[in-house]
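Structural overview for review
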Amino acid sequence: MGDGTAIAGLGMTELGKVYGRSPRRLAADAVRLAAADAGLAPGELDGLIVSHGLGGSPGIELADALGMRDLRLLTQMNSFGATAGAMVAHAAMSVRSGAASAVACVFADAPLKPKQSSGAAYHRDAREWYGFGGMTAALGLRSVNSFYALAAQRHMARYGTTSEQLGAIAVATREWATRNPLAQMRDPITLEDHQNSRWVAEPLHLLDCCLVSNGAIAVIVTSAERARDLARPPVHLWGWGQGHPGLRKERGSEWGLTTGAVASGATAMKMAGVTPSDVTVCELYDCYTYTVLVSLEDYGFCAKGEGGAFAASGALGPGGSLPTNTGGGQLSAYYMWGMTPLSEAVIQARGDGGERQAPSNDVVLVSGNGGILDHHSTLIVSPHPKGA
Amino acid sequence: MDIGVLRRDGRTDPFFDGAAADRLVIKHCASCDHRLTPDAGDCPDCGTTELAWADASGAASLVTWTVTHGRPAADGTVPPPAFLALVELAEGPWLHARLDGVERAELREGLPLRAVFAHPDEGEPYMLFRPWTE
Ligand SMILES: [Zn+2]
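Along each chain, numbering runs from 1 in the same order as the chain's sequence is written. Both sets of labels track the order of writing: A upward for chains, 1 upward for ligands. Per-residue local features are limited, in this predicted model, to residues with pLDDT of at least 70; the limit for side-chain atom pairs, both in listing and counting, is 80 or more; totals at the level of whole chains, interfaces and linings are taken over all residues. Side-chain figures throughout are based on the complete set of non-hydrogen atoms in the structure, without hydrogens or water.

Let us now look at the packing of aromatic side chains. The rule is short: rings of Phe, Tyr and Trp, with Trp giving its six-membered ring, pair when the centres are within 6.5 Å, and they are stacked under 30 degrees, edge-to-face over 60, tilted in between. Counted according to the given criterion, the structure contains 5 aromatic pairs over all chains. Each ring, one from Phe15 of chain B and one from Phe16 of chain B, has its centre 5.1 Å from the other, and the planes form 80°; the classification is edge-to-face. For the residue pair Phe15 of chain B and Phe16 of chain B, the accessibility class agrees, reading buried in each case. The structure contains a cluster of three or more aromatic residues connected by ring pairs, namely Phe132 of chain A together with Phe15 and Phe16 of chain B. We count a charge as sitting over a ring when the NZ of a lysine or the CZ of an arginine lies within 6 Å of the ring centre and within 35 degrees of the ring normal. Directly above the ring of Trp132 of chain B sits Arg114 of chain B, whose terminal nitrogen or CZ lies 4.1 Å from the centroid. Under the scheme applied here, a residue whose accessible area is under 20% of the maximum for its type counts as buried, over 50% as exposed, and between as partly exposed, the area being computed with a 1.4 Å probe on protein chains only.

As structure tokens, this is what we get:
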């Protein structure tokens, strides 16, 4: 047990339409909040890992902004939406090896501007486009929404997955969000609301797509031994993994139908010594409802092609057999890349979920997904020490 | 959705030369006989950066698709939907593409398509894919 690691602190700024604070300022606030949550002075941190985001995210100069000195680990990491899991794994390995003892991992973003639509925050637009590579955008494939729509449509054509099954994910996730005071969207929705929401890119409706949020979230990773003596109950790290399948887009490709969750999940679950049937709570990266559906299949919670039926069975919502995205996820709560599922996993593992606390928090699976289903990370966390 | 103006980038000019003559030109690795997209810089099998340009037949089939809808204008008019897709060339590579002259009801995996070229007044020609029957 001497080499166990744990998440000892969680810091979340206000999330959503939070204006007037730069990503660097938000990141610094989140790190201070996370340290305070753990009962550590900022000076007791000797490692900082900053998630690279899209434009404007803070870099390693964040350490200066925080007045951190004599750090033994300072770096910026980027695996797109898989970064949170990658950061925590790197922090845990640094702690385990003795290279650092208490490491903050932080993500911050502020794409929303006052008086601008959410859609504009990440939308590419230009009048002129260059070369063959630019032709795709010139012809209209300009938004991530379109690429996820291509993947979801392929799954539908191959396995008979339906929009209503994707809608079941949106409805279950919103039901969780109604119980989360931090969620941006707290009004319940019905399957009919999902079906009636406008098309973003067929087969994806507006309610298949995540929110856009400003804010920052940080966690503190330290040894399980040290975490026991800190302010909050340790959230033990049982396993981690990544998967980057690098699927080629050419004849015979399974692009869109399968993801890095296959390898990432298998690696993390093997390290943790668990199987899908041991997992009691899932916190899945849900940039789209389809990402949840395909991740559930690739982790082995159901067979390939049966994600739609599994979601429609009611398994994911409150009272279901596999409580999933218990805080309302990125679809209904807040979009902080991989920090959305990770922060909710910490809350659930601590038993801090209040009205939305899952009945059993023994084994919590956290996923990250980046690119267009290109990059994946997994963490397995628990309130219990590993192997206890 | 409006189609934007396309300019050359100096790296994929032979594609546009071909398009101007209504021919689809792609990349070819001679050592592996691997056909690649026009913007491929190296062969993923052997790693060579010595890729040649080669004519493709223009025959393709539909892999998957999406229909995108622009936001309504201030006067309430809704732009026509755009049919966007991944298509598989007969030679193997997949391209992100825009479909032309298709109905929603006929969209299916494997739908036979053929490359056609549009020649706008401004900018380079661009490629569309249309349903194709012999
Ligand atoms: Zn080759």
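Further notes follow.
Moving on to the pattern of salt bridges. Residue and element names in this part refer to chain A. Between Lys or Arg on one side and Asp or Glu on the other, a salt bridge is scored when a side-chain nitrogen of the former is within 4 Å of a carboxyl oxygen of the latter. Going through the model one piece at a time under the given rule, you end up with 27 salt bridges over all chains. Note that Asp37 is salt-bridged to Arg232, the shortest N-O span being 3.8 Å. Taken as a pair, Asp37 in helix H1 (residues 23–38) and Arg232 in the loop between helix H9 (224–228) and strand S9 (235–243) lie far apart in primary sequence, 195 residues in all. Sharing partners across several salt bridges, the network here consists of Glu14, Arg21, Arg25, Asp29 and Arg32. Runs of H or I in DSSP of at least four residues are treated as helices and runs of E of at least two as strands, each being numbered from the N terminus.

Residue and element names in this part refer to chain A. Of note, Gly317 is situated in the loop between helix H12 (307–312) and helix H13 (329–333). When the C-alpha positions of Gly317 and Ser94 are compared, they lie 36 Å apart, and in sequence the two are 223 residues distant. Apart from residues no more than four positions distant in its own chain, Gly317 is found in contact with Ala172 and Trp176. Note on definitions: a residue-residue contact is assigned when non-hydrogen atoms from the two residues lie within 4.5 Å.

Time to look at the interface of chain A and chain B. Listed as interface residues are 37 residues of chain A and, on the opposing side, 45 residues of chain B. Two parts lose some accessible area (1.4 Å probe) when they are put together, and adding that loss for both gives the buried area. Both sides together, the interface formed by chain A and chain B hides about 3,400 Å², and carbon and sulfur atoms give 56% of it. For the pair chain A and chain B, the number of links is 6 salt bridges. Across the salt bridge formed by Arg7 of chain B and Glu128 of chain A, the nearest N and O atoms sit 2.8 Å from each other. We call two N or O atoms a polar contact when they sit within 3.5 Å, provided that within protein one can donate a hydrogen and the other can accept it, with sequence-adjacent residues counted only if both atoms are side-chain atoms. Seen at the junction of chain A and chain B, the total is 24 residue pairs in polar contact (both at pLDDT 80 or more). Sorting the residues of the side of chain A that touches chain B by element identifies strand S5 (128–130), helix H5 (131–138), helix H6 (144–159) and strand S6 (199–202) of chain A as the ones contributing at least two each. In terms of residue count, the dominant contributor to the side of chain A that touches chain B is H6 of chain A (8 residues). Its residues assigned to classes, the side of chain A that touches chain B comprises 15 nonpolar, 11 polar and 11 charged. Paired strands, as defined in this entry, are two strands with at least two bridges between them according to DSSP. For S6 of chain A and strand S5 (residues 59–68) of chain B, the ladder comprises 2 bridges, and the chain directions are antiparallel. Bridge pairing in S5 of chain B places Ala201 of chain A opposite Thr68 of chain B. Each residue is assigned to one class: nonpolar for Ala, Val, Leu, Ile, Met, Phe, Trp, Tyr, Cys and Pro, charged for Asp, Glu, Lys and Arg, and polar for all the others, Gly among them.

All names here are of chain A. Pairing is mixed across the open sheet formed by 9 strands, whose spatial order is S3-S2-S4-S8-S1-S9-S12-S11-S10. Edge strands, defined here as strands with exactly one partner in the open sheet, are strand S3 (73–77) and strand S10 (281–283). If you compare each strand with its neighbour and ignore which way they point, the axes differ by 25° on average. The pairing of strand S2 (residues 47–51) with strand S4 (residues 102–109) spans 4 bridges and is classified as parallel. Axis definition: a line fitted to C-alpha atoms, over the contacting stretch in the case of helices. Angles run 0 to 180 degrees between N-to-C directions.

All names here are of chain B. With water excluded from the atoms, a metal site may look incomplete; its donors are any N, O or S atoms within 2.8 Å, or within 3.2 Å for Na, K and Ca. Taken together, the protein donors to the zinc ion comprise Cys29 (SG), Cys32 (SG), Cys43 (SG) and Cys46 (SG), at separations of 2.2 to 2.4 Å. In the primary sequence, the donor residues of the zinc ion line up as C-x2-C-x10-C-x2-C. Of this pair, Cys32 sits in the loop between strand S2 (24–29) and strand S3 (34–36) while Cys46 sits in the loop between S3 and strand S4 (52–56); the two residues are 14 residues apart in sequence, bridging distant segments of the chain. Cys32 sits in the partly exposed class, given a relative accessible area of 32%. In this structure Cys46 comes out as partly exposed when scored by relative accessible area, which is 40%.

What follows deals with H6 of chain A. All names here are of chain A. To estimate how far a helix should reach, multiply one less than its number of residues by 1.5 Å. Over its 16 residues, H6 runs 23 Å from end to end, which matches the ideal 22 Å to within 8%, given 1.5 Å per residue. If you check which residues of H6 are buried, you get Ser146, Phe147, Tyr148, Ala149, Leu150, Ala151, Ala152, Gln153, Arg154, His155 and Met156. Its side-chain oxygen at 2.9 Å from the backbone nitrogen of Asn145, Ser143 defines the N-terminal cap of H6. A positive backbone phi angle near 80° is found at Gly160, which sits one or two residues after H6.

Residue and element names in this part refer to chain B. Taken together, 3 strands build an open sheet; the order of strands is S3-S2-S4 and the sheet is antiparallel. In this open sheet, the two strands that pair with only one neighbour each are S3 and S4. Strand-to-strand twist in this sheet, taken as the mean axis angle between neighbours without regard to direction, amounts to 45°. Sitting on the sheet, helix H1 (residues 13–20) touches S2 and S4, and the angle it makes with S2 is about 145°.

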